[in-house]
Amino acid sequence: MIKTCKICTNTFEYCTNCAIKHIHYKQKGMCSNDCYEISNIIQRYRCHLITAGEAALALDMYNIDSKQLQPKIAKYYEEILDNATKLEEVVPEENVEVVILNDEDTTTSDDE
């Protein structure tokens, strides 16, 4: 049986009655282990287990830019890149001194 990968547009063979059945990424509907890992990264990001920056870095290891992605996966990838870019703009440089001006003594309780 010929199936289309859930992550990219590649097709692959899957047989429910032979040895191909036992390949874990094919059981999940993906053409390769790379697509399986891409799926896991996107799922971890969508479940808020990793940040957009962490997801973008992890996805880069699988050359995701060179793949022809399914439309829904491409949308998730763009969301990750957009959110990672926004975070880079907000994060201050290292060695930045933060000064908090507060004249009140917050070490004691007013209930004394």
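A. View of the overall build of the chain. Looking only at helices and strands, one finds four helices and two strands in the chain. Seen in sequence order, the chain has helices and strands lined up from the N terminus as β-β-α-α-α-α. Counting the 112 residues in the chain, one finds 29% classified as buried. In the chain, the proportion of contacts linking residues at least 24 apart, taken out of those at least 6 apart, comes to 45%. Working note: accessible area of the chain is about 8,600 Å², and carbon and sulfur atoms make up 49% of it.

B. Focus on the nonpolar core. In this structure, Cys5, Ile7 and Leu59 are the most contacted members of the largest nonpolar core, which totals 28 residues. Put simply, the parts of the chain that give this core at least two residues each are helix 2 (33-46), helix 3 (52-60) and helix 4 (71-90). It is helix 2 that contributes the most residues to this core, six residues altogether. With residues near it in sequence (within four places) discarded, Cys5 still touches Asn10, Phe12, Gly29, Met30, Cys31, Cys35 and Gln70.

C. How the structure looks around the pattern of salt bridges. Considering all chains together, one arrives at one salt bridge under this definition. Between Arg46 and Glu79 there is a salt bridge whose closest N-O contact spans 3.9 Å. Of the two residues, Arg46 is situated in helix 2 and Glu79 in helix 4; the sequence distance between them amounts to 33 residues. Judged by its relative accessible area of 41%, Arg46 falls in the partly exposed class. Classification of Glu79 by relative accessible area gives partly exposed; the value is 29%.

D. Local environment of helix 3. Among the residues of helix 3, those classed as buried are Ala52, Ala55, Ala56, Ala58 and Leu59. The arc that holds the buried residues of helix 3, viewed along the axis, is 165 degrees, so those residues lie on one side.

E. The arrangement of helix 2 in detail. Here helix 2 contains 14 residues, and its C-alpha end-to-end distance of 20 Å stays within 8% of the 20 Å for a straight helix at 1.5 Å per residue. For helix 2, the complete set of buried residues consists of Cys35, Tyr36, Ile38, Ser39, Ile41, Ile42 and Tyr45. Where helix 2 terminates, the next one or two residues include His48, which has phi positive at roughly 60 degrees.

F. Quick peek at the packing of helix 2 against helix 3. Interhelical geometry of helix 2 versus helix 3 gives an angle of 175 degrees and a closest axis separation of 10 Å. By the criterion of interaxial angle, the relationship of helix 2 to helix 3 is roughly antiparallel. Contacts between helix 2 and helix 3 pair Ile38, Ile41, Ile42 and Tyr45 from the former with Ala52, Ala55, Ala58 and Leu59 from the latter. Here the contact of helix 2 with helix 3 is built from residues that sort into eight nonpolar, no polar and no charged.

Here is what the cut-offs are and how they apply
- Residues numbered from 1 in each chain as written.
- Predicted model: local features only at pLDDT ≥ 70, side-chain atom pairs only at ≥ 80, totals over all residues.
- Heavy atoms only, no water.
- Helix = DSSP H or I, 4+ residues; strand = E, 2+ residues; numbered from the N terminus.
- Buried < 20%, exposed > 50% of the residue type's maximum accessible area, 1.4 Å probe, protein only.
- Contact = heavy atoms within 4.5 Å.
- Areas by Shrake-Rupley, 256 points an atom, 1.4 Å probe, with all protein chains shown as cover.
- Core = buried A, V, L, I, M, F, W, Y, C linked by side-chain atoms within 4.5 Å.
- Salt bridge = Lys/Arg side-chain N within 4 Å of Asp/Glu carboxyl O.
- Arc of directions from axis to C-beta.
- Expected span 1.5 Å × (residues − 1).
- Axes fitted to C-alpha atoms, helices over the stretch in contact; angles between N-to-C directions.
- Parallel < 35°, antiparallel > 145°, perpendicular 65-115°, else oblique.
- Nonpolar A, V, L, I, M, F, W, Y, C, P; charged D, E, K, R; others polar.

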